[in-house]
Amino acid sequence: MSETENSTTTNFIRQIVEQDLKTGKNDGHVHTRFPPEPNGYLHIGHAKSIVLNFGIARDYNGQCNLRFDDTNPHKENIEFVDSIQQDVRWLGYDWQDRLFYASNYFQQLHDFAVELIQAGKAYVCDLDGEQMRAYRGTLKAPGQESPYRSRSVEENLALFARMKAGDFADGERVLRAKIDMGSPNMNLRDPTLYRIRHGVIHHQTGEAWCIYPMYDYTHPVSDALEGITHSLCTLEFEDHRPLYDWVLDNISISCHPQQIEFSRLNLEYTVLSKRKLTQLVDEGFVEGWDDPRMPTVAGMRRRGYSAASIREFCLRIGITKSDGLVEMGMLENCIREDLDAHAPRRMAVMHPLKVVIENYPQGQSESLTAPNHPKDEAMGERQIDFCREVYIDQADFREQANKKYKRLVTGGEVRLRNAYVIKCEAVMKNNQGEIVELRCSYDPETLGKNPQGRKVRGVVHWVSAQHGVKGEVRLYDRLFNQANADKVEEGGRFTDNLNPDSLRTLTDCYFEPALAKAGVGEQYQFEREGYFILDSREAAREELVFNRIITLRDSWAKIDKTGG
RNA sequence: UGGGGCGUCGCCAAGCGGUAAGGCACUGGGUUUUGAUCCCAGCAUUCGUAGGUUCGAAUCCUGCCGCCCCAGCCA
């Protein structure tokens, strides 16, 4: 697809980078990083950050590291570490040999902490969580200094060593920065630097450590150690920046990256917080992290979104500091644009209605040729079998309708896509009065050309009853009913907003024979219906199972609804 | 004693003192063996608001209003 990448794309962060380059800051280097915590799967909000960080590195001849911010072992695991790498790669980015873990720096982090203690800028505090909260003050009232704040350097050194040695239980003591309990910025009221965590096996360091550094302390040090020039993060870290700078100003390290914040992505009809996504998975509201309805990279991949379309989306929404709620239509347009250009066309009938073509010889069939793409001849063609009995979609026939309805009506004509024009001669019903079959005739002169003297406006897709392959289709709709899925009534839960009809399964579908050879990861357009992909988890099954990625734009639906 | 941010079309977003880009959505019209695609046209006299500075303000200044974030030993 025509990615706007690196052409017109600019944003305030790129402007800062360009300015830095111009003034020779950082010796003309650009070095970014994408630093996820491995406590869940990546979602489209992460994709925004990935596209930003790796994109800047690529466009300004710099580098971008992948770094796991793995300082809180009991929320993290190796499954997440693996999935994150897979997802970043799938999105099209390469960190080469620069895969890092914050835990790589545990020793250095420790040594810098000792340095802070020696400089009288950090102390061991015995207050428990509740006491600490009380001492911290409130948003409007200053905090009180901890009674342990004035311990001697020697005592702090000894205590910190004992923390590290495992002499204390979880929560018994922490190491704190000595900054300002009266600061209007809560983050500067002697923030915790280290806490004690026993009995957890860290996915990288095992049981080597029982003290773990906090994000606010770890992040600036990790960035500096890696020579990051621009440390990009989301808006909620804005008031952590003074602490980020404090850490680097008070340890013996020369590199001092610039933290720049941008707004996180909010998307209509879904949630993008790891906490909530975790709940959806853990409480069984969805099949898993890769459920096709999930806004995760894994879910979107399984759903059939292309990496290019996700990248394009991330570029189109831009980077700013204002928080917004992006319409789904924006994302949908990106995938439709990509798939329209690249997906081969096929025919599939999802609500079959049998059509018997009475003047077509019994037992006969023929192989018709159909292009794989209406505009791109290079995509070739395939054979489609035609015979006396075919299926069309129930929605493509009405006993009677006004002239706005361009499909088949009793006594009317319609073209079978890539085949002949047929005319409905009779409607067969069962005892309940339901339509079960159509009796039609076909005009043998209409293959590849229009009939003489009359216009046939409608075209419908079809599948040969004799040659078609039966299978399943899963139709996905928005996961939530509310555009702002996070917004809940007093006392409610965000899961109250879940759309009960986000998944519909159709088991009585017919696919044209060429679809039997569909491979994992191949997207198709089922003409007049939408874009589909084989479900990767069901690919081993004998029966075909397709996921609907997205419908085609449907202007008929609007006309029909307004009384067409 | 509160602090930090943000307000430009329905949504996203350029704009950086010289007279409101673009994309999505939407509305018309054309082409079409997909009611798709494609093409063409339309869509902010006005930038949260009230003042001020200026020949000139979305851009600078002041006040007001609205929204978001912060009181984890989470990130």
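I will try to describe carefully the structure that is included in this document. (Residues numbered from 1 in each chain as written. Chains lettered and ligands numbered in written order. Predicted model: local features only at pLDDT ≥ 70, side-chain atom pairs only at ≥ 80, totals over all residues. Heavy atoms only, no water.)

### Some thoughts on the layout of surface pockets
The computed volume of the largest pocket comes to approximately 1100 Å³. For the largest pocket, the lining is made up of 32 residues, of which Arg407, Arg528, Asp554, Trp556 and Ala557 are closest to its centre. Looking at the lining of the largest pocket element by element, the count peaks at 7 residues for helix H13 (residues 555-561). Taken together, the residues of the lining of the largest pocket break down into 10 nonpolar, 5 polar and 17 charged. What lines the second largest pocket is a set of 31 residues, among which Glu37, His46, Glu236, Phe237 and Lys274 lie closest to the centre. Within the residue set of the lining of the second largest pocket, elements represented by two or more residues are strand E1 (31-34), helix H2 (44-59), helix H7 (215-225) and strand E8 (230-234). The biggest single contributor to the lining of the second largest pocket is H2, with 4 residues. Grouping the constituent residues of the lining of the second largest pocket by class yields 12 nonpolar, 10 polar and 9 charged. (1 Å grid on protein atoms, 1.4 Å probe; cavity = no way out; pocket = protein on both sides within 12 Å on 5 of 7 lines; lining within 4 Å. Points joined across faces, edges and corners; volume = space filled by probe spheres on them. Helix = DSSP H or I, 4+ residues; strand = E, 2+ residues; numbered from the N terminus. Nonpolar A, V, L, I, M, F, W, Y, C, P; charged D, E, K, R; others polar.)

### A few points about empty space enclosed by the protein
If you walk through the whole model with that rule in mind, you get 1 cavity of 30 Å³ or more. If you go around the largest cavity, the residues you meet are Tyr215, Asp216, Pro220, His240, Tyr244 and Gln259. Broken down by element, the lining of the largest cavity gets its largest block of residues, 3 residues, from H7. Looking at the lining of the largest cavity residue by residue, the class counts come to 3 nonpolar, 2 polar and 1 charged.

### Side note on the nonpolar core
Residues Ile44, Val88 and Phe313 are the most contacted members of the largest nonpolar core, which totals 42 residues. Considering every element that reaches this core, the biggest residue donor is H2, with 6 residues. When residues no more than four places from it in sequence are discounted, the contact partners of Val88 are Phe34, Leu42, Ile50, Phe54, Tyr93 and Trp95. Within the second largest apolar cluster, 33 residues are counted, among which are Ala113, Phe160, Phe168 and Trp246. (Core = buried A, V, L, I, M, F, W, Y, C linked by side-chain atoms within 4.5 Å. Buried < 20%, exposed > 50% of the residue type's maximum accessible area, 1.4 Å probe, protein only. Contact = heavy atoms within 4.5 Å.)

### Topic: the packing of helix H1 (residues 12-23) against H2
Axis separation between H1 and H2 bottoms out at 11 Å; the angle between their running directions is 35°. Judged by the twist between their axes, the crossing of H1 over H2 is right-handed. Of the residues in H2, those in contact with Ile13, Arg14 and Val17 of H1 are Leu52, Gly55, Ile56 and Asp59. Each residue belonging to the contact of H1 with H2 can be placed in one class, and the counts come to 4 nonpolar, 1 polar and 2 charged. (Axes fitted to C-alpha atoms, helices over the stretch in contact; angles between N-to-C directions. Left-handed = near helix turned anticlockwise from the far one by under 90°.)

### Describing the environment of Thr218
Looking at the element boundaries, Thr218 is found in helix H7. Through-space distance from the C-alpha of Thr218 to that of Glu76 is 16 Å; in sequence the pair is 142 residues apart. What Thr218 contacts, discounting residues up to four positions off in sequence, is Asp69, Thr71, Ala102, Leu109 and Pro213. Of note is the side chain of Thr218, whose polar atom sits 2.7 Å from the backbone oxygen of Met214. (Polar contact = N/O pair within 3.5 Å; in protein donor to acceptor, adjacent residues only side chain to side chain.)

### Comments concerning the side chain of Ser49
Positionally, Ser49 belongs in helix H2. You can call Ser49 buried: its relative accessible area is 11%. Those residues in contact with Ser49, other than ones at most four positions away along the chain, are Phe34 and Phe262.

### Some thoughts on the environment of Glu399
By the element assignment, Glu399 lies in the loop between strand E16 (397-398) and strand E17 (408-409). Glu399 sits in the partly exposed class, given a relative accessible area of 34%. In the structure, Glu399 is positioned 172 residues away from Gly227 in sequence and 72 Å away in space, judged by C-alpha atoms. Glu399 has contacts with Val409, Thr410, Val427, Lys429 and Ile435, leaving out every residue within four places of it along the chain.

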